[in-house]
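Below are the chains, spelled out letter by letter.
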Amino acid sequence: MSSFHLPFFTGTSTRSTFSFSIKSSSFPSSFSSSLVPFQRFDRFRSTSRTTTRSFSCVFYSLKAKAMAELVQDKESGAAATGSGGGVRPEVEHSRTFLEARSEQELLSGIRKEVEAGRLPPNVAAGMEELYQNYRNAVFQSGDPAAVGIVLSNMAVAFDRMLLDLRTVIFQDPFVFETYHRALREPFDYYMFGQNYFRPLINFRNSYVGNLSLFYEIEEKLKQGHNVVLISNHQTEADPHIIALLLEKTNPHVAENMIYVAGDRVIADPLCKPFSMGRNLLCVHSKKHMFDVPELAEMKRRVNTRSLKEMALLLRGGSKIVWIAPSGGRDRPDPFTEEWYPAPFDSSSVDNMRRLIEHSGAAGHIYPLALLCYDIMPPPPQVEKEIGEKRIITFHGAGLSIAQKISLPEIAASCEKSEEAKDVYTQALYKSVTEQYDVLKSAVHGKQGLEASTAGVFLSQPWN
């Protein structure tokens, strides 16, 4: 059975180790005015939505072998209800970060946790730089509530990271099942991610294409139909950006979308808390199947179970699944330096089509285009290094969907099945690239809503 290519996070590598060379305190004196009492925002146990803008951030990763090992080989298999059924019992742990009332207290809390032996020094260094980058970008937005936004979001983020590290130290780590359902209680990890990533999107320069089709999809889901979104993949924050662009108009789609996800998302301690708030089908990339040879067989078994889990999910109907069949993120052209959606793998597309056909429920495949690479541009090297910096910037984003495409309509004239598979894949890819061009004109070309075409009608539903 074919295994899926890696979708929204890159795979693992063994070429470098996790390390930092950061001063424990490298904040300019001009920032002293921000050392004001911290007024906490209770935004993680409710569905309240507050729109704020801007951001800049750094993500790091642990060793490749550790990441792969965190994908536990559950021989008994995981039920389609997902890990914990959307509930994760809270574990008693230090409240150092939640009790901080200023930037100074928050940063000294990191050092306090290191001294207490509850936080590894290298992870602590990453957290400090994460804070600095996040703070700098939020302040660039000019939001008068920037101080409170930064302290609130970073305090909760650090608390969740510390909690997860504590469970690892005590040999009871949170393990993502093959199908993981977003954890919404007692702590709402979904809203945690929404509130944390919202400030990195410049909504004034962001657009959604063909919004009416998302309403159409919601109706199909209510009728028990399945929907698969075949998309390009740009950044590690793709799931959050998609959800943020749809949360006001299509909250059901935003909250119930299932993302086919790679191993980095479920292992990196600075990413893991954000992943816990998304619905995930966990897979291993073919590209990185043999990064750690002794784990290759385990990875194959995980991928086989993922296909079985997806078949079970689709059989129940009313599911919406996002997958990037390119096998990795989009990259700039080495000669023109222009970004463009990476080509789709026809086998991955055909796997999804067959699962839809054999589910017993009505199913539809839509091409989806996403433009957000400026928010988290990948490094210049082709393969992502372990321990590399991930700079994130405040920028506009775009999301567009086109009419559903079915195989019989596209490949009716094809005599061979392989030819039909390729033609169908190219039709989906062509639609994604056409939508992507419109989004690029709107966001990067500064054409805004005037970039709309006969096939892509742009809107800003949050205005």
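Residues numbered from 1 in each chain as written. Predicted model: local features only at pLDDT ≥ 70, side-chain atom pairs only at ≥ 80, totals over all residues. Heavy atoms only, no water.

For the chain, the name recorded in an unreviewed UniProt entry is Glycerol-3-phosphate acyltransferase, chloroplastic, with Durio zibethinus as its organism. Recorded in UniProt for the chain, the comment headed Subcellular location (unreviewed entry) runs: "Plastid, Chloroplast stroma". According to the UniProt record, the Catalytic activity (unreviewed entry) comment for the chain reads "sn-glycerol 3-phosphate + an acyl-CoA = a 1-acyl-sn-glycero-3-phosphate + CoA". (UniProt positions renumbered as here; feature names shortened; annotations may be inferred.)

The next subject is the nonpolar core. Across soluble globular proteins, you tend to see nonpolar side chains buried next to one another. The biggest cluster of nonpolar side chains holds 81 residues, and the ones touching the most others in it are Phe158, Leu229 and Ile241. The dominant element in this core, judged by the number of residues it contributes, is helix 4 (residues 146–169), at 13 residues. Taken domain by domain, the makeup of this core includes at least three residues from each of domain 1 (93–173) and domain 2 (193–380 + 387–459). In this view, Leu229 contacts Ile217, Met257, Ile320, Val321, Trp322, Ile323, Tyr366, Leu368 and Ile401; residues no more than four positions away in its chain are not counted. Residues Ile365, Leu371, Tyr429 and Leu439 belong to the second largest nonpolar core, which totals 42 residues. (Core = buried A, V, L, I, M, F, W, Y, C linked by side-chain atoms within 4.5 Å. Buried < 20%, exposed > 50% of the residue type's maximum accessible area, 1.4 Å probe, protein only. Helix = DSSP H or I, 4+ residues; strand = E, 2+ residues; numbered from the N terminus. Domains from an automatic or database assignment. Contact = heavy atoms within 4.5 Å.)

Moving on: the pattern of salt bridges. Within this structure, the stated rule accounts for 18 salt bridges. Across the pair Glu338 and Lys440 runs a salt bridge, and its minimum N-O distance is 2.5 Å. Here Lys440 lies in helix 13 (residues 417–443) and Glu338 lies in the loop between strand 7 (331–332) and strand 8 (339–340), a separation of 102 residues in the sequence. Taking relative accessible area as the criterion, Glu338 reaches 45% and is therefore assigned partly exposed. The closest approach of N and O atoms between Asp350 and Arg354, which form a salt bridge, is 2.8 Å. Within this pair, Asp350 and its partner Arg354 are both found in helix 11 (residues 346–357), separated by four residues, close to a single helical turn. (Salt bridge = Lys/Arg side-chain N within 4 Å of Asp/Glu carboxyl O.)

Here the amide bond leading from Glu185 into Pro186 is cis, since omega sits at 0 degrees, within 30 degrees of zero. For Pro186, the position within the fold is in the loop between strand 1 (179–180) and helix 5 (189–197). A positive phi angle, near 60 degrees, is found at Ser318, a position not held by glycine. Tracing the backbone shows Ser318 in the loop between helix 10 (296–316) and strand 6 (320–323).

The next subject is the sheet that holds strand 2 (residues 207–209). Whenever strands of a sheet pair, they do so through backbone hydrogen bonds, lying parallel or antiparallel. With mixed pairing, nine strands are arranged side by side in an open sheet as 1-5-4-6-3-9-10-2-11. Two strands lie at the open edges of the sheet, namely strand 1 and strand 11 (458–459), each paired on one side alone. As defined by bridge partners, strand 4 (residues 258–261) adjoins strand 5 (residues 279–282) across four bridges and the pair is classed as parallel. Directly across from Ala261, in strand 5, lies its bridge partner Cys282. Of the strands in this sheet, strand 2, strand 3 (226–231), strand 9 (363–371), strand 10 (398–401) and strand 11 are in contact with helix 13, which crosses strand 9 at around 35 degrees. (Pairing = 2+ DSSP bridges. Axes fitted to C-alpha atoms, helices over the stretch in contact; angles between N-to-C directions.)

Turning to helix 11, a few remarks are in order. Along its twelve residues, helix 11 runs 16 Å from first to last C-alpha, staying within 8% of the 16 Å computed at 1.5 Å per residue. Counting buried positions over the twelve residues of helix 11 gives nine, a clear majority of the element. Along helix 11, the residues that are buried comprise Ser346, Ser348, Val349, Asp350, Asn351, Met352, Arg353, Leu355 and Ile356. Contacts made by the buried residues of helix 11 are with strand 3, helix 10, strand 6, strand 9, helix 12 (407–411) and helix 13. (Expected span 1.5 Å × (residues − 1).)

What follows is about the packing of aromatic side chains. Under the definition given, this model contains 16 aromatic pairs. Centroid distance Phe187 to Tyr189: 4.7 Å. Interplanar angle 70 degrees. Geometry classified as edge-to-face. Assigned by exposure class, Phe187 and Tyr189 land together as buried. When the centroid spacing of 5.6 Å and the interplanar angle of 55 degrees are considered together, the rings of Tyr259 and Trp322 count as tilted. Of this pair, Tyr259 sits in strand 4 while Trp322 is found in strand 6, placing the two residues 63 residues apart along the sequence. One aromatic cluster is present, formed by Tyr134, Phe187, Tyr189, Phe192, Tyr196, Phe197 and Phe274 through successive ring pairs. The ring of Phe187 has Arg160 lying over it, and the distance from NZ or CZ to the ring centre is 4.0 Å. (Phe/Tyr/Trp six-rings, centres within 6.5 Å; stacked < 30°, edge-to-face > 60°. Lys NZ or Arg CZ within 6 Å of the ring centre and 35° of its normal.)

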